[in-house]
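# What the coordinates show
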Amino acid sequence: MSAPEGGEMGTPESLISMTDIFILSLAGGFAVYWFFVRNKKKEEPNFKKLKITPVLERSASSDASFITRMKNQNRNVIVFYGSQTGTAEEFANRLAKDASRYGMKGMVADPEECDMEDLPKLSEIDRCLVIFCLATYGEGDPTDNAQEFHEYLNNGECDLVGIKYAVFGLGNKTYEHYNYMGKYVDKRLEELGAERVFDLGLGDDDANIEEDFVTWKEGFWPAVCAHFGVEATGEDINARQYTLETVSDEFPREKIFKGEVARLGSLNHQKPPYDSKNPFLAPITVNKELHKGGDRSCMHIELDISDSKIRYEAGDHVAIYPINNLETVEKIGKRLNVDLDTVFTLNNVDEDASKKHPFPCPTSYRTALSHYVDINIPPRTHVLGELAEYTDNPKDKEFLTTMTHATEEGKKLYMQWVHEAKRDILAILEDIPSLQPPLDHICELLPRLQPRFYSISSTPKVYPKSIHVTAVLVDYITSTKRHRKGVCTSWLKTKIPTGDEQNPIRVPIYVRKSQFRLPFKTSTPIVMIGPGTGLAPFRGFIQERAWHKKEGKVVGDTILYFGCRNKAVDFIYEDEMMDFVNDSALKLHTAFSRDTAQKVYVQHLLDQNQKEIWDVLNNNGHIYICGDAKNMAKEVLGMLIKILMNEGNMSTADAEDYIKKLQTRGRYSADVWS
């Protein structure tokens, strides 16, 4: 599965390399509080005590037409986002905030919470600009919150004459349908009569999507100024968007958020339906090691869903909400000399803004850093720019500021010092001792901690009351000699069931439906290609096909191409696979790259069995690929084209067209990650 703002969230630690990974509300604000902080940053502020009621994180755009809100609030820039991991939403907030620099007033909107049929009415607003920040999910799919908008554009013939627009897409070049959503919307808006103000921007998360976005912005705003006849106002857009208020000791503790995604008390008072805003606390019944040696780790985890009414199908994805490393949280508190048990709230200074808080408030610093803020992702350039104001060392300030500029020097420095070195916020604070930012501003600037998605490695036909997860532990040393661990996998590694059925170890989850599906007819032959943890969804497929066979149904050939380093070490689920082979439920081809003098991978096995693949395709069979998109998936695709050319006597162009037709008909599916 591919991460929307880049790769797909894969079977290992999802979006560990991307992106993807990140929700932060940064819509337009005022400079009043910033002035206070900038001049008092070395002093301990005397915040007033606050008595408040908890406010759920909810967009006001669902309460009224976005057209009405724009008119009532004198806004003339609206930024719609299609986001799965938060990066597109973060970019949208930055663009809306930028608008104030040019005498314009922006707002951010979720298309899922808006009546997009009102889009043509934007022409009624004087000098109005609509911007779309749209990520592509999977193999050319819109993100969950942009699906209805995509259908609206695809099916409707609305008149968008008079609408001024621009689009920035977020994708990953390792996928065939790179940035499909951004490209489609940009083209479709023009077809419907809208006027493009600036060229389509394309962000590539396989490289450096932050650099792509900053570079695009450098050309975008001058084009907007020229089009609308506006000039930069000189307004400080780094002004704080949220004001900090501490909570009095008398405030009821039961009204303080303790890690809930949205609804206060939802973790203690569970009730269905369960989704991204209301995850189910699933008991872990099994957590065992799959590798039989070596220095790497792969976990098999079973989640009990018997009391949840959650339903899933083989091929679906399960989202798991992790908790940040508590040692890192403590180090941040100690470095900034903050009492992590202080309870606070952050209120948007823009009273008309749709998002009143960056995350559920009131809460404690400890909870915010543990559950709500992504303290592991290397901060983006705009974060470094705002942090630069909290050092009195001219060299440190210049160093940080340089990385915010879209110059070759700035891009190179950011790429090397932050991106490639994987410096998170703690590493930056440790490496620049002169930095003394308020912790609440860090909480405001960093993106929201996102759930991690994993391909489900079971079928409800066999396991109707549990969901199985196969996850590789992410654990490595960075170039700065820091020990970096996957947020979710390192957390899951500690979740070992105790056997106490009354108080089981639980993790918050929900299920996301997938298009990665078995053929409707069980008699249809299938070929599955999945090295390493790419085996995960195929384990569910094989279980289901074997179950149908035992039920007496006619089941077509079920063929698996699996590869790993060493048979004796990382051949995961070996005993299960061999049982399926012995029961004639599976035909298995294996490649163990480190067990032979010359490395052999799954694509080499395909080359050795060209006729088998061709026979499956000739019998209306399905091809499935799961695993690394950048190398394995590309090489497998190249091998399939070679097979079509050799066995089907096709030209290269005809073979590529054949594959595209297979995709259109749902006979060629990829669930891959970067």
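This text goes with the structure placed above it.
When you go through the chain residue by residue, the secondary structure sums to 21 helices and 24 strands. Sorting the 674 residues of the chain into buried and exposed places 58% on the buried side. A total of about 27900 Å² of accessible surface is found on the chain, and carbon and sulfur atoms cover 47% of it.

Now for the sheet that holds strand E21 (residues 558–564). Taking strand neighbours across the sheet as the criterion, the 5 strands line up as E22-E21-E20-E23-E24 in an open arrangement whose pairing is parallel. With one partner strand each, in any of the chains shown, strand E22 (587–592) and strand E24 (668–673) form the two edges of the open sheet. On average, each strand axis in the sheet is inclined to that of its neighbour by 10°, with strand direction left out of account. Sheet topology places strand E20 (residues 526–529) next to E21; 4 bridges connect them, and they run parallel. Across the sheet, Ile526 pairs through a bridge with Thr558, a residue of E21.

Within the secondary structure, Phe399 sits in helix H10 (residues 394–402). In this view, Phe399 contacts Leu413, Trp417 and Ile432; residues no more than four positions away in its chain are not counted.

With antiparallel pairing, the 6 strands of this open sheet are ordered in space as E15-E12-E19-E10-E11-E16. Every interior strand has two partners, whereas the edge strands, strand E15 (452–455) and strand E16 (466–472), have only one. Here the average twist between neighbouring strands, direction ignored, is 40°. The pairing of strand E10 (residues 280–289) with strand E11 (residues 298–304) spans 5 bridges and is classified as antiparallel. In the strand pairing of E11, Asn287 is matched with Ile301.

Across the junction of Pro272 and Pro273, the peptide omega takes the value 5°, indicating a cis bond. Between Cys361 and Pro362 the backbone carries a cis peptide bond, its omega angle lying at 0°. Counting through the fold element by element, Pro362 comes out in the loop between strand E13 (343–348) and strand E14 (363–364). Positive phi outside glycine occurs at Ser584, with the angle close to 60°.

Right, let's talk about the environment of Pro358 for a bit. Assignment of secondary structure puts Pro358 in the loop between E13 and E14. For Pro358, a relative accessible area of 2% corresponds to the buried category. Distance from Pro358 to Pro447, taken between C-alpha atoms, is 8.8 Å for residues 89 residues apart in sequence.

Burial along E20 is two-sided: the face carrying Ile526 and Met528 and the face carrying Val527 and Ile529 are both buried. You can see the chain leave E20, run along helix H15 (residues 536–550) and come back into E21, and the turn it takes is right-handed. Where E20 meets strand E23 (residues 622–628), 4 bridges bridge the pair, whose relative direction is parallel. Bridge assignment links Ile529 to a residue of E23, and that residue is Ile625.

The interhelical angle for the contact between helix H7 (residues 326–335) and helix H8 (residues 365–372), taken along N-to-C directions, is 135°, at an axis separation of 10 Å. With respect to each other, H7 and H8 are oriented oblique. Between H7 and H8 the crossing geometry is right-handed. Across the interface between the two elements, Leu326, Val329, Glu330 and Ile332 of H7 pack against Arg366, Leu369 and Ser370 of H8. Partitioned by chemical class, the residues of the contact of H7 with H8 number 4 nonpolar, 1 polar and 2 charged.

Rules used in this analysis
Residues numbered from 1 in each chain as written. Predicted model: local features only at pLDDT ≥ 70, side-chain atom pairs only at ≥ 80, totals over all residues. Heavy atoms only, no water. Helix = DSSP H or I, 4+ residues; strand = E, 2+ residues; numbered from the N terminus. Buried < 20%, exposed > 50% of the residue type's maximum accessible area, 1.4 Å probe, protein only. Areas by Shrake-Rupley, 256 points an atom, 1.4 Å probe, with all protein chains shown as cover. Pairing = 2+ DSSP bridges. Axes fitted to C-alpha atoms, helices over the stretch in contact; angles between N-to-C directions. Contact = heavy atoms within 4.5 Å. Right-handed = clockwise from strand over helix to strand, strands pointing away. Parallel < 35°, antiparallel > 145°, perpendicular 65-115°, else oblique. Left-handed = near helix turned anticlockwise from the far one by under 90°. Nonpolar A, V, L, I, M, F, W, Y, C, P; charged D, E, K, R; others polar.

Function-wise, these values are silent; they only describe arrangement.
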